[in-house]
2 protein chains.
Amino acid sequence: MRKREKRRGGRPWPKREQRRDDLALIYGWHAVQAALENPARRIRRLRVTPNGARRLEELGIKLAVAPDIVRPEEIDRALPSDAVHQGVLAEADPLPAPALEDLAPDGIVLVLDQITDPHNVGAILRSAAAFGVSAAVTTARHSPEATGVLAKSASGALERVPIVEVVNLARALDAMKTRGFMVVGLDSTGDTDLATVTLCAPLALVLGAEGKGLRRLTGSLCDQVARLDLPGEIKSLNVSNAAALALYIATTKLRS
Amino acid sequence: MRKREKRRGGRPWPKREQRRDDLALIYGWHAVQAALENPARRIRRLRVTPNGARRLEELGIKLAVAPDIVRPEEIDRALPSDAVHQGVLAEADPLPAPALEDLAPDGIVLVLDQITDPHNVGAILRSAAAFGVSAAVTTARHSPEATGVLAKSASGALERVPIVEVVNLARALDAMKTRGFMVVGLDSTGDTDLATVTLCAPLALVLGAEGKGLRRLTGSLCDQVARLDLPGEIKSLNVSNAAALALYIATTKLRS
């Protein structure tokens, strides 16, 4: 079971929302616009403020459901107290998840080894979309759901980066290696600076959890475990920052 | 809000501490250890769980205040519900802030133009420490305080990166230019890819707010406004991810 986002500020989740484990809550303009424009995303309900309704009309997106025009407070109440929803909230079915076998052995795939913070996973997916990553592989356990803060932080990337959820990451990495992927783990204890590793596509970049890094078995299955050399006093980055840097280095190297 | 508590030994907690606006709340091991090891940081109170106390002893840090050993729930109650405190909470005076004139015209300085999210500012400071940035300049308004989530996300970097707070950013950029800084703004609408700009030290890298980017006046004062070219469908990164990438590119270019 994946963890439900904890609510800040002490207000309890509204009961009705609490039962809808199977619906993704998507709020904020970037995230909602991308969801509305994604033909694979089935929107169940769309709530907008009067201002939001005007903006929606300006954007001229064809809508499958008529929006409910509501006061901002109604959207406030449906979300954690610190959610910056910008007057728009969509409730939608989760996207169909591709199977590992469906991944084209091509380009870069990001593998997230139990990264738990939805802000981090969202930012990583956003960077993945920015660097043209073809998919993200996550673990079924110890990964946040693709909803709420994660969707907001992803800023539309949820609609662009397919997420493959696997039960057994070790088996998944083995399967990817069999299919020709070079598997490179990132860890501060890595043997080599990523900038000096010869990389080739298809490439799987594996990122470990905040604080803990790669699990031992995950690291042992990588073709290489690389570090990011940092010149300053602190020797590790926030995991989404490390992911952005690794993607920059990898895409630059694969292009050259 | 924390209830008025009896101090160990029965003395009531001094009134001054109860108005805690001026105290920084620092929790989580990386952040607290760095604070305890920083001779410039005055710790007013340190609460640890019994496990935390053992770990503190193992670390062998000389403490200026005797820790209060408390149940985890007491620390829970003193913090927002989603704070991952790992059994340790310090309350400390904010660090003395250097004046702009005290900044050595040397290396890289990060300038944050009204970046408001404390997770982002914390992660940016962490990257700043990782890349050996000499200071961060922030605006007095529309910047989060150096406490709580920001301190946790900074993971000890608050103790390492001096923060210069300025009332008027335009005047500050002018002053930095007079003192020889090359001022480069980052914005998705920038003229040139940062990777192709000839950079020289001392360098001020200016980052704009989430969503909004650089303010117009800020941009107009930059020697150059550069973008980060991204090959994928999404054309902007989370601001802390962009900062990490810009720092990597800048430090690599300044070294070569």
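Bear in mind the structure is a predicted one, so any value in this text is a computation, not a measurement.

## Topic: the overall build of chain A
Stage number 1. On a plain count of helices and strands, chain A comes out with nine helices and 11 strands.
Stage number 2. On C-alpha atoms alone, chain A measures out to a radius of gyration of 19 Å, which is about the 18 Å that the 2.2 N^0.38 rule sets for 256 residues.
Stage number 3. Dimensions along the principal axes, computed over C-alpha positions, put chain A at roughly 55 × 35 × 35 Å.
Stage number 4. A total of 256 residues make up chain A; the buried ones form 55% of that total.
Stage number 5. Looking at chain A as shown, the accessible area adds up to about 11900 Å², and 50% of this sits on carbon and sulfur atoms.

## Remarks on the sheet that holds strand 10 (residues 203-208) of chain A
Residue and element names in this part refer to chain A.
Stage number 1. One open sheet accounts for seven strands, arranged 7-6-5-10-8-11-9; its pairing is parallel. Looking at the sheet topology across the chains shown, the edges are occupied by strand 7 (163-166) and strand 9 (192-193).
Stage number 2. Relative to strand 7, strand 6 (residues 135-139) runs parallel, the two sharing four bridges. Note on strand 7: the bridge partner recorded for Thr 139 is Val 166.
Stage number 3. Of the strands in this sheet, strand 5 (108-113), strand 6, strand 7 and strand 10 are in contact with helix 5 (residues 118-130), which crosses strand 5 at around 175 degrees.
Stage number 4. Across the sheet, helix 7 (residues 169-178) is in contact with strand 5, strand 6, strand 7, strand 8 (182-186) and strand 10; its angle to strand 5 comes to roughly 165 degrees.

## Overview of the relation of the copies chain A and chain B
Stage number 1. Placing chain A over chain B gives an RMSD of 0.0 Å and needs a rotation angle of 180 degrees, together with 0.0 Å of translation along the axis. Such values leave the two copies arranged in the relation of a two-fold axis.
Stage number 2. Looking at chain A, 88% of its interface residues are interface residues in chain B too, so the copies touch through the same face.

## Focus: the interface of chain A and chain B
Stage number 1. On the side of chain B, 31 residues touch chain A, which itself brings 33 residues to the contact.
Stage number 2. Carbon and sulfur atoms supply 59% of the area that chain A and chain B bury against each other, a total of about 2700 Å² over both sides.
Stage number 3. Broken down residue by residue, the surface that chain A buries against chain B is led by Arg126(A), Ile234(A) and Tyr248(A), which jointly contribute 22%.
Stage number 4. Run the count over chain A and chain B and you get two salt bridges.
Stage number 5. The partner of Arg160(B) in a salt bridge is Glu233(A), with the nearest N and O atoms 3.7 Å apart.
Stage number 6. At the level of secondary structure, the elements contributing two or more residues to the side of chain A that touches chain B comprise helix 5 and helix 9 (239-255) of chain A.
Stage number 7. When residues of the side of chain A that touches chain B are assigned to their parent elements, the largest contribution, seven residues, is made by helix 9 of chain A.
Stage number 8. When the residues that make up the side of chain A that touches chain B are grouped by side-chain class, the tally is 15 nonpolar, 11 polar and seven charged.

## With respect to the sheet that holds strand 2 (residues 43-48) of chain A
Residues and elements named next belong to chain A.
Stage number 1. The four strands are arranged 1-4-2-3 in an open sheet whose pairing can be described as mixed. The open sheet has two edge strands, strand 1 (24-27) and strand 3 (68-69), and neither has a second partner.
Stage number 2. Here strand 2 pairs with strand 3 via two bridges, running parallel. In the strand pairing of strand 3, Val 48 is matched with Ile 69.
Stage number 3. Where helix 2 (residues 29-37) meets the sheet, it contacts strand 1, strand 2 and strand 4 (88-92), and its direction lies at approximately 120 degrees from that of strand 1.
Stage number 4. Running at roughly 115 degrees to strand 2, helix 3 (residues 50-59) makes contact with strand 2 and strand 3 of the sheet.

## Digging into the pairing of strand 2 (residues 43-48) of chain B
All names here are of chain B.
Stage number 1. Most of strand 2 is tucked away, with five of its six residues classed as buried.
Stage number 2. Here five bridges tie strand 2 to strand 4 (residues 88-92), and the two strands are oriented antiparallel to one another. The residue bridging Arg 47 from the neighbouring strand is Leu 89, located in strand 4.
Stage number 3. The handedness of the strand 2 to strand 3 (residues 68-69) crossover, carried by helix 3 (residues 50-59), is right-handed.

## Observations concerning the pattern of salt bridges
Stage number 1. The tally for this structure, following the rule as stated, stands at 20 salt bridges over all chains.
Stage number 2. Among the ionic pairs, Glu91(A) bridges to Arg47(A), the shortest N-O distance being 2.9 Å. With Glu91(A) in strand 4 and Arg47(A) in strand 2, the pair connects residues that are 44 residues apart, well separated along the chain. No difference in accessibility class separates Glu91(A) from Arg47(A), as the two residues are buried.
Stage number 3. The salt bridge involving Asp93(B) is made with Arg44(B); its shortest N-O contact spans 3.0 Å. With Asp93(B) in the loop between strand 4 and strand 5 (108-113) and Arg44(B) in strand 2, this residue pair connects regions lying 49 residues apart in the sequence.
Stage number 4. Judged by relative accessible area, which is 15%, Asp93(B) ranks as buried.
Stage number 5. One continuous salt-bridge network, built from bridges that share partners, spans Arg45(A), Arg47(A), Asp68(A), Glu74(A) and Glu91(A).

## Quick look at helix 7 of chain A
Residue and element names in this part refer to chain A.
Stage number 1. The set of residues buried in helix 7 consists of Leu 169, Ala 170, Ala 172, Leu 173 and Met 176. Buried residues in helix 7, looked at end-on, bunch into an arc of 160 degrees, giving them a common side. Helix 7 presents Arg 171 and Thr 178 as exposed residues on the side facing more than 90 degrees away from its buried surface.
Stage number 2. Buried residues along helix 7 sit against strand 5, strand 6, strand 7, strand 8, strand 10 and helix 8 (216-221).
Stage number 3. The first or second residue beyond helix 7 is Gly 180, which carries a positive phi of 100 degrees.

## Thoughts on the side chain of Thr251(A)
Residue and element names in this part refer to chain A.
Stage number 1. Following the sequence through the fold, Thr 251 ends up in helix 9.
Stage number 2. A polar contact of 2.7 Å, which involves the side chain of Thr 251, links it to the backbone oxygen of Leu 247.
Stage number 3. If we skip the residues at most four places from it in the chain, Thr 251 touches Ile 108 and Phe 131.

## What to know about the environment of Asp229(A)
Residues and elements named next belong to chain A.
Stage number 1. With respect to the helices, strands and loops of the structure, Asp 229 is situated in the loop between strand 11 (224-227) and helix 9.
Stage number 2. Judged by its relative accessible area of 38%, Asp 229 falls in the partly exposed class.
Stage number 3. Separated by 193 residues in the primary sequence, Asp 229 and Leu 36 place their C-alpha atoms 41 Å from one another.
Stage number 4. Side chain to side chain, Asp 229 and Arg 227 meet in a polar contact 2.7 Å long.

## Quick word on the state of the cysteines
All names here are of chain A.
Stage number 1. A full pass over the atoms with the stated rule returns zero disulfides over all chains.
Stage number 2. For Cys 222, which is in no disulfide, the shortest distance to another cysteine sulfur is to Cys 200 and amounts to 14 Å.
Stage number 3. Classification of Cys 222 as buried rests on a relative accessible area of 10%.

Definitions and limits used
Residues numbered from 1 in each chain as written. Chains lettered and ligands numbered in written order. Predicted model: local features only at pLDDT ≥ 70, side-chain atom pairs only at ≥ 80, totals over all residues. Heavy atoms only, no water. Helix = DSSP H or I, 4+ residues; strand = E, 2+ residues; numbered from the N terminus. Rg over C-alpha atoms; globule rule 2.2 N^0.38 Å. Buried < 20%, exposed > 50% of the residue type's maximum accessible area, 1.4 Å probe, protein only. Areas by Shrake-Rupley, 256 points an atom, 1.4 Å probe, with all protein chains shown as cover. Pairing = 2+ DSSP bridges. Contact = heavy atoms within 4.5 Å. Axes fitted to C-alpha atoms, helices over the stretch in contact; angles between N-to-C directions. Least-squares fit on C-alpha atoms with pLDDT ≥ 70 in both. Buried area = accessible area lost by both parts, 1.4 Å probe. Salt bridge = Lys/Arg side-chain N within 4 Å of Asp/Glu carboxyl O. Nonpolar A, V, L, I, M, F, W, Y, C, P; charged D, E, K, R; others polar. Right-handed = clockwise from strand over helix to strand, strands pointing away. Arc of directions from axis to C-beta. Polar contact = N/O pair within 3.5 Å; in protein donor to acceptor, adjacent residues only side chain to side chain. Disulfide = S-S within 2.5 Å.

Scope: geometric values only; no functional claims are made or implied.
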